[in-house]
Amino acid sequence: MSAWLDRMLSLKNLSAGSAGVEFELARPIPGWAWLMIGACCVAWASATYIRLLGHKGARTGLATLRTLLLLLIALLLAGPQLVRQNERVEPDWVVVLLDRSASMGVADVEGPDGSRERRETQLRRALASAMKPLADLAHARRVLVLGFDAGVQELAMGDDGSISLAEPAGARTSLGPALEQALRRVAGRPLAGVVVLSDGRSVEQPTRAQLRPLQSRQVPVIAVPVGSASAPTDFSIARVEAPGLAYVRDLVPVSVTVDRRGGSAMPARVRLLDRLTGEVLDEQRLPPDATDQHTLTLTAKKDDPGDGDWRVEVLPDLPDLSGENNTGDVRVEIVDRPIRVVYIDGYPRWEYRHLKDILVREPSIRSATMMLAADRRYLQEGTEPLGAIPRSREDWNAIDVIVMGDVRPSLFSEQQLDDLRSMIADRGGGLIWIGGPGYTPGAWRGTPASDLLPFSLAADGGSLAAGGPRPWAGPVVMKAAPAAGRYALLQLGESSADPWPGELSDPSLGWTTLRWAQRIEPSTLKPTTEVLATAHSAGGGNESAPLVMTMRYGAGRVAYVATDETWRYRYGRGQAMMERMWIPLVRLMARESLGRSGKAAVLSASPDQAVSGQQVQITLRLVDQALIEKRPEQVRVRVSRTGSAGRPTEVTLRPSGQGESAPAVFQGAWSASDPGMYEIDPDGALLAGIKATVRVSLPEDELRVPQSDHPALAALADATGGIVLPPDRLGELASHLPNRELRLLGQPDVETLWDKPIAWVLLISLLAMEWVGRRLIKLA
């Protein structure tokens, strides 16, 4: 039938029986207009035959033929045609974001067999179980699979719905930028939804600006959370700090900051071990009531020179969430050379006599002890006596530590005191003050050395004639302060487990009481002063005041001991306690000068533990006068990443002083984008062997906080009108996605009918039939 009709209509391009082919008018006329046209045609045809003579039936037939002729002409004028619309369907898109950060390796999911499995295993199992639904989805729609961590990368999806995945190793997760980049890839295309399979932990959560395009396009985010919804306990090493240089047999303090997140209190040990030998150097238990961030100090000694390559580990009694963040490395350069100490006092008090003997007996110290009389004559003892009181900057710089007792400041010239201050501030020397009833510290007020005191002296001269602080009215006992532990000082006990024996705070023993001590008001301490020990009245009560203090001053360090009675400890434990108090304090004062002795310059970086993108200030301080007098305009240094074969970065250091004819300090800035350990060393043979190190880490290490964040995913889904879908129901994904496909109309196919032979045949046939009819009834 269709073929016959096509032949009758002489159709060439379209078929009347084809799907989608419709009859239309090129000039559409509404229905009411056709009624009027029909009525007019009937009226006109009737009017032409109603008054003529002839058989009524014949005239009616002729009027009908004329009406049909007029209607046919009207129809042909309207442009009859066959039309087939060309429609194109553009399928919608579905974006699938898969978390590829290192936190996916955390094992906090209960597997089918009851054991703990990784989040990555849970994600892969969910994808495997939904392979067929995902394949069907990919056939019906367009699916874009992206892996994301700090950025996004496209992942291949097979025809069977399988997705090829590498091991997750991203150092950080940025969900907000990942959503933004995903939307950029499907810009201008119909988007049905975004599916996020993640643990929710992200450094950069989606912002309002990043959510606005999803909300304006009504694109739901379907969140599929992986990992444990609860927060198991996790320990992590947040920071490890140790001096870069130390002496052989020095008790090196290693400060460790441990973070505890999630879960409940869990016992754990923190230990320090040698990476090369595996030997445990020190170990402490975290207190059961440790806060979310707890800092403790481990100590270690090394008997031979060289690099101490050590590692800090946190060992929970039960497995914690992630073991990847439970370690931290530290390196200390151990140097074998004697510490050069000069002890100056004004009279042979008991503290002087016993401290002098301790310095002489210690094999790692080369000491010179001097008693200065009012007429500048002096008595000298020690292992390396001095020829005279240091008179020049070079003389002072040959000393590592000065111990200044109860000495009249007028015995020194102003130039000598300026050189002493320069030795501390510029060369990194150490100064230990031992207070006395005569001159220290009051008489030093107004001298260049008063800046080296860790507290401010009263402007009115105080209560003593010399202007010093008031003494305690009675005996006191000493107690170690928390800051002492950070420096491994005042560990007077027999072991590190008992650093401060309780008996030292018991005045009833007699030998533990200090009969004289200066009372330093806490309000007079300078801002950077740290209290190492406090004095407490032996008579009871809550009165206390700083007794041993330390303060950084420039490149060096100073300490103040507000009593000369520590020799009394020998009545209880012989010289052991005095040695444990004084030798570590001397070593602490000498450490800064250790990095500067025998070198033409000192190179430092601040901060030495930076985050990616943070600016690091590099400072080169020339200490060799010959180099200073060469007046270099600039100094170049190389910054190279340890273990990397890449080209070092060159940084130009320029003089920091204004108007100096011979600059001694050069500074420049550098920042690193990649985490790791970096070494900085000057370019040139004259400064060979001088280096500084900087550890660069990410602002938020992915594994520092490995707990999942499912509420963040739920909030994202809620903000976009999506849902939270459990991983084992990923196969239901298609039923939760709206249909956003687009139907686009193209240029239609048209075949006109008014110019076909059948139209002319009908027209001529009607005319002929009317003419014949008129002839038959004799009207023509």
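Residues numbered from 1 in each chain as written. Predicted model: local features only at pLDDT ≥ 70, side-chain atom pairs only at ≥ 80, totals over all residues. Heavy atoms only, no water.

1. Side note on the overall build of the chain
Counting secondary structure elements, the chain contains 16 helices and 37 strands. Counting the 780 residues in the chain, one finds 47% classified as buried. In the chain, the proportion of contacts linking residues at least 24 apart, taken out of those at least 6 apart, comes to 73%. Element-wise, carbon and sulfur atoms account for 52% of the exposed surface of the chain, whose accessible area totals about 36,800 Å². (Helix = DSSP H or I, 4+ residues; strand = E, 2+ residues; numbered from the N terminus. Buried < 20%, exposed > 50% of the residue type's maximum accessible area, 1.4 Å probe, protein only. Contact = heavy atoms within 4.5 Å. Areas by Shrake-Rupley, 256 points an atom, 1.4 Å probe, with all protein chains shown as cover.)

2. Here's the deal with the confidence of the model for the chain
Looking at the chain, the pLDDT average stands at 85 and 92% of residues meet or exceed 70. Summarising per-element confidence for the chain, the mean pLDDT is lowest in helix H14 (residues 625-629) (66) and highest in strand E23 (residues 430-434) (96). This stretch, residues 460-466, has a pLDDT under 50; its non-local contacts, to residues over four places away or in other chains, come to twelve contacts. (pLDDT = per-residue confidence, 0-100.)

3. A few points about the environment of Arg408
In this fold, Arg408 is placed in the loop between strand E22 (401-404) and helix H10 (414-425). Spatially, the C-alpha atoms of Arg408 and Gly438 are 8.1 Å apart, while their sequence positions differ by 30 residues.

4. Considerations on the sheet that holds strand E16 (residues 293-300)
Read from one edge to the other, the open sheet built from three strands follows the order E11-E13-E16, with strand pairing classed as antiparallel. Of all strands in the sheet, those bounded by a partner on one side alone are strand E11 (234-241) and E16. In this sheet, adjacent strand axes meet at a mean angle of 30° when their direction is disregarded. By the bridge criterion, seven bridges tie E11 to strand E13 (residues 252-261) in an arrangement that is antiparallel. Across the sheet, the residue bridging to Phe235 is Arg260, located in E13. (Pairing = 2+ DSSP bridges. Axes fitted to C-alpha atoms, helices over the stretch in contact; angles between N-to-C directions.)

5. Overview of the side chain of Thr534
Structurally, Thr534 is set in strand E25 (residues 530-537). At 2.8 Å, the side chain of Thr534 and the side chain of His536 are in polar contact. (Polar contact = N/O pair within 3.5 Å; in protein donor to acceptor, adjacent residues only side chain to side chain.)

6. Some remarks on the sheet that holds strand E1 (residues 21-25)
Spatially, three strands are ordered E1-E2-E37 in an open sheet, and the strand pairing comes out antiparallel. Each having just a single partner strand, E1 and strand E37 (749-752) make up the two edges of the open sheet. Averaged over all pairs of adjacent strands, the angle between their axes in this sheet comes to 30°, without regard to strand direction.

7. Quick look at the packing of aromatic side chains
Under the criterion given, the structure shown has eight aromatic pairs. Ring centres of Phe455 and Tyr560 lie 4.9 Å apart, and the angle between their planes is 90°; on these two criteria the pair is classed as edge-to-face. In this pair, Phe455 is assigned in the loop between E23 and strand E24 (476-480) and Tyr560 in strand E27 (residues 556-561), connecting sequence segments 105 residues apart. On the basis of relative accessible area, Phe455 is assigned to the buried category, the value being 3%. Relative to Tyr569, the ring of Trp511 has its centre 6.2 Å away and its plane inclined at 85°; by these criteria the two rings are edge-to-face. Taken together, the residues Trp511 in the loop between helix H11 (482-486) and E25 and Tyr569 in the loop between E27 and helix H12 (570-573) connect sequence positions 58 residues apart. Looking at Trp511, the relative accessible area reads 13%, which means it is buried. With a relative accessible area of 0%, Tyr569 lands in the buried category. (Phe/Tyr/Trp six-rings, centres within 6.5 Å; stacked < 30°, edge-to-face > 60°.)

8. Some points on the pattern of salt bridges
In the structure shown here, the tally under the stated rule is 43 salt bridges. Two residues, Arg331 and Asp309, come together in a salt bridge whose shortest N-O distance is 3.9 Å. Of the two residues, Arg331 is situated in strand E18 (residues 327-335) and Asp309 in strand E17 (residues 306-316); the sequence distance between them amounts to 22 residues. Exposure remark for Asp309: the relative accessible area of 15% places this residue in the buried category. Taken together, the shared-partner salt bridges connect Arg100, Arg118, Glu120, Arg124 and Glu167 into one network. (Salt bridge = Lys/Arg side-chain N within 4 Å of Asp/Glu carboxyl O.)

9. A word on the nonpolar core
Within the largest apolar cluster, 82 residues are counted, with the highest numbers of intra-cluster contacts made by Met404 and Phe412. Aside from chain neighbours lying at most four places away, what touches Met404 is Ile344, Phe412, Leu420, Leu431, Ile432, Trp433, Ile434 and Trp444. Formed by 25 residues, the second largest nonpolar core is a distinct cluster that contains Ile628, Val639, Val651 and Ala692. (Core = buried A, V, L, I, M, F, W, Y, C linked by side-chain atoms within 4.5 Å.)

10. Concerning the state of the cysteines
In a disulfide, the sulfur atoms of two cysteines are held together by a covalent bond. Counted under the stated rule, the structure contains zero disulfides. For Cys40, which is in no disulfide, the shortest distance to another cysteine sulfur is to Cys41 and amounts to 7.0 Å. Overall, Cys41 belongs to the buried group, its relative accessible area being 8%. (Disulfide = S-S within 2.5 Å.)

11. A few points about helix H6 (residues 175-185)
If you check which residues of H6 are buried, you get Leu175, Gly176, Pro177, Ala178, Leu179, Ala182 and Leu183. Among the structural elements, strand E4 (93-99), strand E7 (142-148), strand E8 (152-154), strand E9 (191-198), helix H7 (208-216) and helix H15 (710-719) are those in contact with the buried residues of H6.

12. Examining the packing of helix H3 (residues 56-78) against helix H16 (residues 757-776)
Direction vectors running N to C along H3 and H16 enclose 160°, while the axes themselves pass 9 Å from each other. Between H3 and H16, the angle is such that the two are roughly antiparallel. Remark: the crossing between H3 and H16 carries left-handed chirality. Mapping the contact onto sequence places Leu62, Leu65, Arg66, Leu68, Leu69, Leu72, Ile73 and Leu76 in H3 and Ala759, Leu762, Leu763, Leu766, Leu767, Met769, Glu770, Gly773 and Arg774 in H16. (Parallel < 35°, antiparallel > 145°, perpendicular 65-115°, else oblique. Left-handed = near helix turned anticlockwise from the far one by under 90°.)

13. Quick word on the packing of helix H8 (residues 350-361) against helix H13 (residues 576-594)
At their nearest, the axes of H8 and H13 sit 11 Å apart, and the two run at 65° to each other. Between H8 and H13, the angle falls in the class roughly perpendicular. H8 and H13 meet at a crossing whose hand is right-handed. Contacts from Glu351, His354, Leu355, Ile358, Leu359 and Arg361 of H8 reach H13 at Met578, Glu579, Trp582, Ile583 and Val586. Split into classes, the residues belonging to the contact of H8 with H13 amount to seven nonpolar, one polar and three charged. (Nonpolar A, V, L, I, M, F, W, Y, C, P; charged D, E, K, R; others polar.)

14. Describing the environment of Leu25
Looking at the element boundaries, Leu25 is found in strand E1. What makes Leu25 buried here is its relative accessible area of 17%. In sequence terms Leu25 and Gln81 are 56 residues apart; their C-alpha atoms lie 5.9 Å from each other. Leave out the neighbours within four places in its chain, and Leu25 touches Trp34, Leu75, Ala78, Gly79, Pro80 and Gln81.

15. Some remarks on H15
For H15, the set of buried residues is His710, Leu713, Leu716 and Ala717. Across the axial projection of H15, the buried residues extend over an arc of 120°, all falling on one side. Across from the buried face of H15, at angles greater than 90 degrees, the exposed residues are Pro711 and Asp718. On the buried face of H15, the contacting elements are H6, E9, H7 and strand E10 (221-225). Residue Gly721 follows H15 closely and has a positive phi angle near 75°. (Arc of directions from axis to C-beta.)

16. Structural notes on the pairing of E18
Of the two faces of E18, only the one carrying Gly328, Val330, Val332 and Ile334 is buried; Thr327, Asp329, Arg331, Glu333 and Val335 on the other face are not. Across three bridges, strand E12 (residues 245-247) lies against E18 in parallel orientation. Its bridge partner being in E18, Leu245 is matched across the sheet by Glu333. Sheet topology note: the E17/E18 ladder contains eight bridges and is antiparallel. What sits directly across from Trp310, in E18, is Val330.

17. Observations regarding the environment of Gly387
Take Gly387: it is sitting in the loop between strand E21 (378-382) and helix H9 (393-397). Its relative accessible area of 71% is what places Gly387 among the exposed residues. A sequence separation of 332 residues divides Gly387 from Ala719, and the C-alpha atoms of the two residues are 81 Å apart.

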